[in-house]
Amino acid sequence: MEILGIDLYMLITALLGLLAVVFSIFVIASRNLVYSAAHLSLLGLTVAALLALLGYAIVAILHIIIYVGAGVLFIVMSVSMIREVQERRINRLGSFLAAVIASSPLFYLALSTENPHPIPPSLADYSLLSRYISQSYWIPALLVFLSLSVALMAAVSITRGRGRR
Amino acid sequence: MNLFLFIASILFLISVYGILSSRNMVRMLISIEVMFNSVVLVILSLGNLLAFSGGAQAVPILVSIVIFAIALAVSEIVLIFSIMIGVVRFRVARDIDTEELVTKER
């Protein structure tokens with residue numbers, strides 16, 4: 001579908017990409033860490049929408065429910081419990097140059113490949129993925145389950161520990 | 001030009017800048033989360049490229065890896081921020097500089 005000669009799919013992708021970039025700049029530039037974390041949740045939602053546009057609806061749903069819903073909200077709650085301290089920025093130009101050098105292979109890859117089409121739904125089907133994970137990747141799934149359990153227990157024991165008086 | 005990879009590259013650039021330019025531990029961790037988002041986007045964009053160039057059987061593997069990565073990222077967030085809360089409860093500054101890590105918060 002086209003609007004004014006522009007492909008609607010690419011238009012929505014570009015708008016979502018612009019939103020993602022703006023939110024990530026806010027994450028880095030916000031003075032208040034709570035706002036930073038809140039913008040991270042908005043960035044997570046935007047990235048989930050981009051994943052859905054690529055055709056990975058299952059991953060997008062998991063990204064919203066698990067990552068944004070649990071992880072990022074945990075960051076927001078944790079940061080809001082902590083008193084702000086004066087933040088220092090160091091060597092902005094050097095950091096920017098290092099970031100440009102580190103991300104240049106990705107830019108090269110992006111500029112040298114064509115825009116992808118959404119994958120067919122059969123490749124990221126829920127039943128296919130659950131079969132893959134339960135039959136071919138049950139050991140990684142078990143390890144992830146164990147790491148989540150250990151993280152939960154560690155979080156409870158650390159946060160319940162008494163501070164030094 | 002691959003628009004999805006281009007967006008992921010910009011997110012990666014911003015996150016690396018955030019990690020390198022800040023001395024605040026929380027800001028660095030949040031920047032690492034931006035990097036995680038960009039990497040997820042890169043992996044699945046490459047999956048789309050593979051799907052249309054004869055590597056369609058690799059797509060479910062990449063999706064499984066990303067699902068595991070999301071779950072592990074959440075456990076990492078929970079653990080690191082719990083440690084951070086524990087550190088702050090001991091009234092130690094959150095600046096990563098060694099000399100300030102051992103001094104009490106002002």
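Just so we're clear, the structure is a prediction, and the values are computed from it rather than from any experiment.

Calculation rules
The residue numbering used here restarts from 1 in each chain and proceeds along that chain's sequence as written. By the order in which they are written, chains take letters starting at A while ligands take numbers starting at 1. Local features in a predicted model are, by the rule used here, given only for residues with pLDDT of at least 70; side-chain atom pairs are given and counted only at 80 or more, and totals for whole chains, interfaces and linings are based on all residues. The basis for the side-chain values is all heavy atoms of the structure; hydrogens and waters are excluded. Each helix corresponds to a stretch of at least 4 residues labelled H or I by DSSP, and each strand to a stretch of at least 2 residues labelled E; elements are numbered beginning at the N terminus. Relative accessible area decides the class of each residue, using a 1.4 Å probe on protein chains only: under 20% of the type maximum gives buried, over 50% gives exposed, and in between gives partly exposed. Only heavy atoms matter for contacts: two residues are in contact if any of them lie within 4.5 Å across the pair. Two parts placed together each lose some accessible area under a 1.4 Å probe, and adding up what both lose gives the buried area. In the sections that follow, a salt bridge refers to a side-chain nitrogen of Lys or Arg positioned within 4 Å of a carboxyl oxygen of Asp or Glu. N or O atoms within 3.5 Å of each other form a polar contact, as long as, within protein, one can give a hydrogen and the other can take it, and as long as residues adjacent in sequence are counted only when both atoms are side-chain atoms. Within this scheme, the nonpolar core is defined by two criteria: the residues are buried Ala, Val, Leu, Ile, Met, Phe, Trp, Tyr or Cys, and they are joined through side-chain atoms within 4.5 Å. Residue-level confidence of the predictor, termed pLDDT, takes values from 0 up to 100. Centres within 6.5 Å are what make two rings of Phe, Tyr or Trp a pair, Trp counting through its six-membered ring; a difference in plane orientation under 30 degrees is then read as stacked, over 60 as edge-to-face, and the rest as tilted. Note that the bend at a residue is defined as the angle between axes fitted to the seven residues ending at it and the seven residues starting at it. The length a helix should cover is 1.5 Å for every residue beyond the first. Orientation is described by lines fitted to C-alpha atoms, with helices fitted over the stretch in contact, and by angles between N-to-C directions that extend from 0 to 180 degrees. The scheme is simple: roughly parallel for angles under 35 degrees, roughly antiparallel for over 145, roughly perpendicular for 65 to 115, oblique for anything else. Residue polarity is assigned by list, with Asp, Glu, Lys and Arg as charged and Ala, Val, Leu, Ile, Met, Phe, Trp, Tyr, Cys and Pro as nonpolar; anything else, Gly included, falls into the polar class. In this scheme the crossing of two helices becomes right-handed for a clockwise turn of the near helix relative to the far one and left-handed for an anticlockwise turn of less than a right angle.

A closer look at the overall build of chain A
And then number 1: For chain A, the count of helices and strands is 6 helices and 2 strands.
And then number 2: Going residue by residue from the N terminus, the α and β elements of chain A occur as β-β-α-α-α-α-α-α.
And then number 3: C-alpha extents for chain A along the principal axes are approximately 65 × 50 × 30 Å.
And then number 4: Split into buried and exposed, the 165 residues of chain A put 36% on the buried side.
And then number 5: Here the analysis covers contacts within chain A between residues at least 6 apart in sequence; of these, 62% occur between residues at least 24 apart.

Details of the side chain of His39(A)
And then number 1: Mapped onto the elements, His39(A) comes out in helix H2 (residues 33–54).
And then number 2: Residues in contact with His39(A), not counting those within four places in the same chain, are Phe23(A), Phe26(A), Val27(A) and Ser30(A).

Notes on the interface of chain B and chain A
And then number 1: The partner chain A presents 87 residues to the 74 residues of chain B that form the contact.
And then number 2: When the buried area of chain B at its contact with chain A is split by residue, Phe4(B), Arg27(B) and Phe68(B) rank highest and sum to 10% of it.
And then number 3: The interface formed by chain B and chain A contains 0 salt bridges.
And then number 4: Scanning the region where chain B abuts chain A turns up 12 residue pairs in polar contact (both at pLDDT 80 or more).
And then number 5: Of all the elements in the fold, those that place two or more residues in the side of chain B that touches chain A are helix H1 (3–21), helix H2 (25–51) and helix H3 (59–89) of chain B.
And then number 6: If you tally residues by element for the side of chain B that touches chain A, the top one is H3(B), at 25 residues.

Topic: the nonpolar core
And then number 1: In terms of nonpolar packing, the biggest core is built from 74 residues, with Leu51(A), Tyr56(A), Tyr67(A) and Leu44(B) touching the most fellow members.
And then number 2: Looking at this core, the element that brings in the most residues is H3(B), giving 14 residues.
And then number 3: If sequence neighbours within four positions are ignored, Tyr56(A) has contacts with Leu51(A), Ile119(A), Ala124(A), Leu44(B), Gly47(B), Asn48(B), Val59(B) and Val63(B).

Examining the confidence of the model for chain B
Residues and elements named next belong to chain B.
And then number 1: In this model, chain B carries a mean pLDDT of 81, and residues with pLDDT of at least 70 account for 83%.
And then number 2: Mean pLDDT values for the elements of chain B range from 49 in helix H4 (residues 98–101) up to 92 in H1.
And then number 3: When the criterion is pLDDT under 50, residues 99–106 qualifies, and its contacts beyond four places in sequence or with other chains add up to 17 contacts.
And then number 4: For this predicted complex, the interface confidence reaches an ipTM of 0.84, while the overall pTM sits at 0.84.

A look at the packing of aromatic side chains
And then number 1: Counting across every chain of the model gives 4 aromatic pairs over all chains.
And then number 2: Where Tyr9(A) meets Phe4(B), the ring centres are 6.4 Å apart and the plane angle is 45°; that geometry is what we call tilted. With Tyr9(A) in helix H1 (residues 8–29) and Phe4(B) in helix H1, the pair connects residues from two separate chains. Residue Tyr9(A) shares its accessibility class with Phe4(B), and that shared class is buried.

Thoughts on the side chain of Ser9(B)
And then number 1: Mapped onto the elements, Ser9(B) comes out in helix H1.
And then number 2: The class for Ser9(B) is buried, based on a relative accessible area of 0%.
And then number 3: Side-chain polar atoms of Ser9(B) contact the backbone oxygen of Leu106(A), separated by 3.4 Å.
And then number 4: If near-sequence neighbours (up to four positions away) are discounted, Ser9(B) is found in contact with Ser103(A), Leu106(A), Phe107(A) and Ala110(A).

What to know about helix H3 (residues 57–80) of chain A
And then number 1: Maximal helix bending in H3(A) amounts to about 35°, located at Val68(A).
And then number 2: Within H3(A), burial applies to Val59(A), Ala60(A), His63(A), Tyr67(A), Val68(A), Gly71(A), Val72(A), Ile75(A), Val76(A), Ser78(A) and Val79(A).

Focus on helix H4 (residues 92–112) of chain A
Given 3.6 residues per turn, any residue in an α-helix points the same way as the ones three and four places further on.
And then number 1: Its 21 residues place the ends of H4(A) 29 Å apart at the C-alpha level, agreeing with the 30 Å of an ideal helix rising 1.5 Å per residue.
And then number 2: At Ser104(A), H4(A) shows its largest bend, some 45°, and a proline, Pro105(A), comes one to four positions later.
And then number 3: Burial in H4(A) covers these residues: Ser95(A), Ala99(A), Ser103(A), Leu106(A), Phe107(A) and Ala110(A).
And then number 4: In this structure, the buried residues of H4(A) make contact with H1 and H2 of chain B.

Structural notes on the packing of H3(A) against H2(B)
And then number 1: Relative orientation of the contacting elements H3(A) and H2(B) amounts to 175°, with a least axis distance of 12 Å. Regarding the angle of H3(A) to H2(B), the classification is roughly antiparallel. Taking contact as the criterion, the partners of Val59(A), His63(A), Tyr67(A), Ile75(A) and Val79(A) in H3(A) are, on H2(B), Val26(B), Ile30(B), Glu33(B), Phe36(B), Asn37(B) and Leu44(B).
And then number 2: Residue composition of the contact of H3(A) with H2(B), grouped by class: 8 nonpolar, 2 polar and 1 charged.

Description of the packing of H2(A) against H1(B)
And then number 1: Interhelical geometry of H2(A) versus H1(B) gives an angle of 160° and a closest axis separation of 12 Å. Considered as vectors, H2(A) and H1(B) are oriented roughly antiparallel to each other. Our pair here, H2(A) against H1(B), has a crossing hand that is left-handed. Counting all contacts with H2(A), which are made through Leu43(A), Val47(A), Leu50(A), Leu53(A) and Leu54(A), the residues of H1(B) involved are Phe4(B), Ile7(B) and Leu11(B).

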